[in-house]
Structure formats: C-alpha cells, structure tokens
Amino acid sequence: MSKKIIIEKITEEVEGFLKNDLPHIVAKEAVDEFRENFERQGFRNNGVQPWPEVKRRMPNSPWYGFQYKGERRSLKDRKKKGQKRKLNYSAKYTKYPILRVTSNLYRSVTSFEVSPQRVEIGSDLPYAQVQNDGGHIKVFGKAKVKLPKRQFVGESRELMDHLEKILIQKIDNLTNI
C-alpha cells in the first residue's frame, strides 16, 4: 500500500471517530462525571468544591430530620396523639447525602443533545436549575427562601483533562499502523 492510501485511510478513520464516536463518548463521560458529583457532595472543578450543608442535617436547625410526608398535620394533631418528637421528624433523613433523599435529581442527569458540533448535558426537572445555580424558592408555596448554589453540572477542568486523554489515546490507537 502506498503512503498516500495509508494516510487517506487514517484520515478517514479519525474523521469518522470524531464525527460518530467521540460525541457519544463525551456524553457518557460527562453524565458519569456529573452524577459522581452527587457522591462527592460537591462539584469538581480544579478540586472538589463542597456543597453547603443542608438544614435537615444540622442538629440546631428547625428543619433537622425533616421528612415531607405530603399530608397536612398540625401541632394540635401531634398533641392529641401525645407525640414528643418534632412534626415530620425522621432520624434517617439526618444521614442522607445532600441532594440524594429521593435520587430523582441524580437520575435525571442525562444527555439532551449529542452531535458532532455539540453535546448538552442537564436535567429536565423543574428544580434542577435552582439547585445547580442557587436562587429563591417558595417553601410550601408560602415563605420565600434562598437556596445556596449546589452545582452538579457545568464546566469542569478535570472532565476536560479526562476527555483530552481519551481523545489522544483513541487517535493514537487509530494512527498506529
């Protein structure tokens, strides 16, 4: 085989990889990285930036151990039953990781667009953006509170370095004759 034919073949394989395979590799690696942030309880970009603690895990907070049960109960109801614990208290809720009580947000992190020009990763849950960026919400439709930023999706130096290593390794494999 002539050098020209070999170079054309290698060029074709590399272009095919960049167009067809690389976007899917990037999407999978990014989703894995962003889901791993839930395990780290912080966002990894130039080191792990830990998320602010949640009030349900702070012993001196009125929200300590809070578990929303979806039912309307009042202090009167609790007194009738002779309960001494806080309303909607659950000891196990003091131990759950940040943003992992139901794991719905974790599971919702996915790739929305995968093309040779663009890979978009995110969540379609209505509260995902305010958790990721921070902002104001209404608690039970009444009191307005500010949620701190607990970023789980975004630009990450470690992810980019990892993707660069994968790209170099794959292209090296394709160009080794």
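In what follows, the accompanying structure is described.

Thresholds applied
Residues numbered from 1 in each chain as written. Predicted model: local features only at pLDDT ≥ 70, side-chain atom pairs only at ≥ 80, totals over all residues. Heavy atoms only, no water. Phe/Tyr/Trp six-rings, centres within 6.5 Å; stacked < 30°, edge-to-face > 60°. Helix = DSSP H or I, 4+ residues; strand = E, 2+ residues; numbered from the N terminus. Lys NZ or Arg CZ within 6 Å of the ring centre and 35° of its normal. Buried < 20%, exposed > 50% of the residue type's maximum accessible area, 1.4 Å probe, protein only.

1. Details of the packing of aromatic side chains
Phase 1: With the rule as written, the count across this model stands at three aromatic pairs.
Phase 2: Taken together, a centroid distance of 5.7 Å and an interplanar angle of 75° make the contact between Phe 38 and Trp 51 edge-to-face. With Phe 38 in helix 1 (residues 3–40) and Trp 51 in the loop between strand 2 (48–50) and helix 2 (75–81), the pair connects residues that are 13 residues apart, well separated along the chain.
Phase 3: On the basis of an interplanar angle of 90° and a centroid distance of 5.7 Å, the ring pair of Phe 38 and Tyr 106 is categorised as edge-to-face. With Phe 38 in helix 1 and Tyr 106 in helix 3 (residues 104–108), this residue pair connects regions lying 68 residues apart in the sequence.
Phase 4: One aromatic cluster in this structure is built from Phe 38, Trp 51, Tyr 106 and Phe 152.
Phase 5: Above the ring of Tyr 106, the side-chain terminus of Arg 35 is found at 5.5 Å from the ring centroid.
Phase 6: Taking the ring centre of Tyr 106 as reference, the NZ or CZ of Arg 100 above it sits at 4.0 Å.

2. Examining unusual backbone geometry
Leaving glycine aside, a negative phi is the common case for residues, and trans is the common case for peptide bonds.
Phase 1: The backbone phi angle of Leu 99 is positive, close to 60°, even though this residue is not glycine.
Phase 2: Residue classification places Leu 99 among the buried residues on the basis of a relative accessible area of 15%.
Phase 3: In this structure, Ser 103 takes a positive phi of about 70° despite not being glycine.
Phase 4: Within the secondary structure, Ser 103 is located in the loop between helix 2 and helix 3.
Phase 5: Taking relative accessible area as the criterion, Ser 103 reaches 13% and is therefore assigned buried.

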